[in-house]
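One-letter residues, chain by chain:
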Amino acid sequence: MRVTVIGTGYVGTVTGACLAYLGHRVTCVDVDADKIASLQRGELPIYEPRLSELLREAAARGGIDFTTELAPAAAESDVIFIAVGTPPGPGGEANLSYLESAARGIGAAMDAGRFRVVVNKSTVPVGSGNLVEALLREGIRDTRPSEEKKIHFGVASNPEFLREGCAIADSLYPERIVLGTEDERALETLRELYRPLTEQRFDPPPYLPRPAGLTSVPLVATTLTSAEMIKYAANTFLATKIGFANEIANICERVGADAKEVMTGIGLDSRIGSRFLNAGLGWGGSCFGKDIQSLLHTAGEYGYQARLLEAALAVNRAQRQIVIQKLQEKLFILKGRTIALLGLAFKPDTDDLRDAPSLQIAERLLQLGARVKAYDPIAMPACRAQNPELKIQYCESALDAVRDANAAVLVTEWAEFRTLDLAQMAALMQQPILVDGRNLYDPEAAARAGLDYTGIGRSTRQRVTPMRVP
Ligand SMILES: NC(=O)c1ccc[n+]([C@@H]2O[C@H](COP(=O)([O-])OP(=O)(O)OC[C@H]3O[C@@H](n4cnc5c(N)ncnc54)[C@H](O)[C@@H]3O)[C@@H](O)[C@H]2O)c1
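It should be emphasised that the depicted structure is a prediction, and the values quoted were computed from it without experimental measurement.

Draft legend 1. The pattern of salt bridges, seen in detail. Summed over all chains, the structure comprises 23 salt bridges. For Arg163, the salt bridge identified is with Asp170, shortest N-O distance 2.8 Å. Relative accessible area serves as the criterion here: at 34%, Arg163 is assigned to the partly exposed category. Here Glu192 ties to Arg195 by a salt bridge, and the two come within 3.0 Å at their closest N and O atoms. Taken as a pair, Glu192 and Arg195 lie in helix α8 (residues 184-198) at a separation of three residues, close to a single helical turn. Using a relative accessible area of 26% as the deciding quantity, one classes Arg195 as partly exposed. Shared partners join several salt bridges into a network, and the residues in it are Glu192, Arg195, Glu199 and Arg201.

Draft legend 2. Local environment of empty space enclosed by the protein. As enumerated under the stated definition, the model contains one cavity of 30 Å³ or more in all. Taken as a whole, the largest cavity holds about 30 Å³ of empty space. Residue lining of the largest cavity: Ser122, Thr123, Val124, Ser157, Pro159, Ala227, Glu228 and Lys231, and that is the complete set. No other element matches helix α9 (residues 224-255), which puts three residues into the lining of the largest cavity.

Draft legend 3. Just the site of the ligand, in detail. Near the ligand you find 27 residues, and of these Asp30, Lys35, Thr86, Glu164 and Lys290 are the closest. A distance of 3.0 Å separates an oxygen atom of the ligand from a polar backbone atom of Tyr10. A distance of 2.6 Å separates an oxygen atom of the ligand from a polar side-chain atom of Lys290. Coverage of the ligand by the protein amounts to 89% of the 840 Å² it exposes when considered alone. Of all the secondary structure elements, the ones that give two or more residues to the shell around the ligand are α1 (10-21) and α5 (97-109). At three residues, the largest contribution of residues to the shell around the ligand is made by α5. Residues of the shell around the ligand, tallied by class, amount to eleven nonpolar, eight polar and eight charged.

What counts and how
- Residues numbered from 1 in each chain as written.
- Predicted model: local features only at pLDDT ≥ 70, side-chain atom pairs only at ≥ 80, totals over all residues.
- Heavy atoms only, no water.
- Salt bridge = Lys/Arg side-chain N within 4 Å of Asp/Glu carboxyl O.
- Buried < 20%, exposed > 50% of the residue type's maximum accessible area, 1.4 Å probe, protein only.
- Helix = DSSP H or I, 4+ residues; strand = E, 2+ residues; numbered from the N terminus.
- 1 Å grid on protein atoms, 1.4 Å probe; cavity = no way out; pocket = protein on both sides within 12 Å on 5 of 7 lines; lining within 4 Å.
- Points joined across faces, edges and corners; volume = space filled by probe spheres on them.
- Near = heavy atom within 4 Å.
- Polar contact = N/O pair within 3.5 Å; in protein donor to acceptor, adjacent residues only side chain to side chain.
- Areas by Shrake-Rupley, 256 points an atom, 1.4 Å probe, with all protein chains shown as cover.
- Nonpolar A, V, L, I, M, F, W, Y, C, P; charged D, E, K, R; others polar.

This is the structure:
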């Protein structure tokens, strides 16, 4: 099929590359001319593992190109995906201006030549599908008023569940595909588009073998509104689950239990599940915070106060401050002290810094008069470019960052930090204090290495204290 993907960010570029890999002919469109120019040169404006290789194979299979011109691409396409950003507005509501502009542009490009499906992949509040349809009609009326009745299209919602860092595997081997539409023809077109995925009928890339036993992917067909809600429900559930783990961890710390042990103990219950139960310094990223706020806003429009979601947001905000409190407990005074941040990206394997806890932590430390050194294997150039006001000293390596520091904070659990030589780290520091914001290290091993270790929700009590008989 001929496909246009509007927006070449984390979602659009991966979606375009995967669809072309499956054999569709894809054009990716963006208003950002610099991004398009780098993609045309074969350079990636974002970091996503294996995306360069996949794009090369996508070009050789279905074919993929990049342009700033929406009209010719949309006119030629059977399916047009909207994958533009939907950042939070001042009141928490999703800013739909990019979506609106894309929808108007598609409407203006549509003619009677073919049936088209316009698919919303951006995360958008309930009712956005209807908004897109209205804007498409407006676009048609503005450019081809006489053809309005002859131009046929369907609108669908196809929420995206990929995770940055493993976005290609998530796209080629998804756990489900959700299609929301009331238009039978649109549904059939999209079923066809996704058939190679739902039936797993494609040769996997050599570097990403198909998971053992995967023979098909469930396709969940729903109404437009349900599909829009599914995405919000999924993200707010995951954010709440992490918030729950953090809340329990905070109680564990006070009563002398170990949150890691507690989460293992509850996670083995199949009704609970072990994933997304890691206590730490809280979630970040471009989605959870914005999606909770957007759903709260929607609920508010209907006069409903979603208390659980409000709490999830509040718990997460407070969680980020815990690192500062722990540093103050250890060092008392932060003014003039040097704190090393290990990791800046909101999670490993991405350069994405949107709503990253590292930024708030760095900002607060600088406000309190501390000096901040940082090392991240991938996100330092993005951090430097996006946050010039943060006077962070960027370092060449983790050990370089901790050298002469009064304390180190593990912010992002990058794989290379797992194998860090903790004894060497302790020896290099002015004060060997480690706040493990992701509970990455074994407290006892860290202590043996000479570190004054604090995790999140991890008791410092001795594990087996012999009882004294009076
Ligand atoms: N990043 C994720 O992990 C993820 C996962 C699932 C869903 N989502 C959702 O997908 C959407 C896109 O997210 P993202 O992270 O890829 O965003 P992004 O900010 O990385 O990319 C959005 C792109 O859209 C472009 N754009 C804006 N207006 C445009 C227009 N009118 N025409 C063409 N291009 C335009 C921007 O220039 C930008 O390159 C959001 O709604 C997000 O919530 C994101």
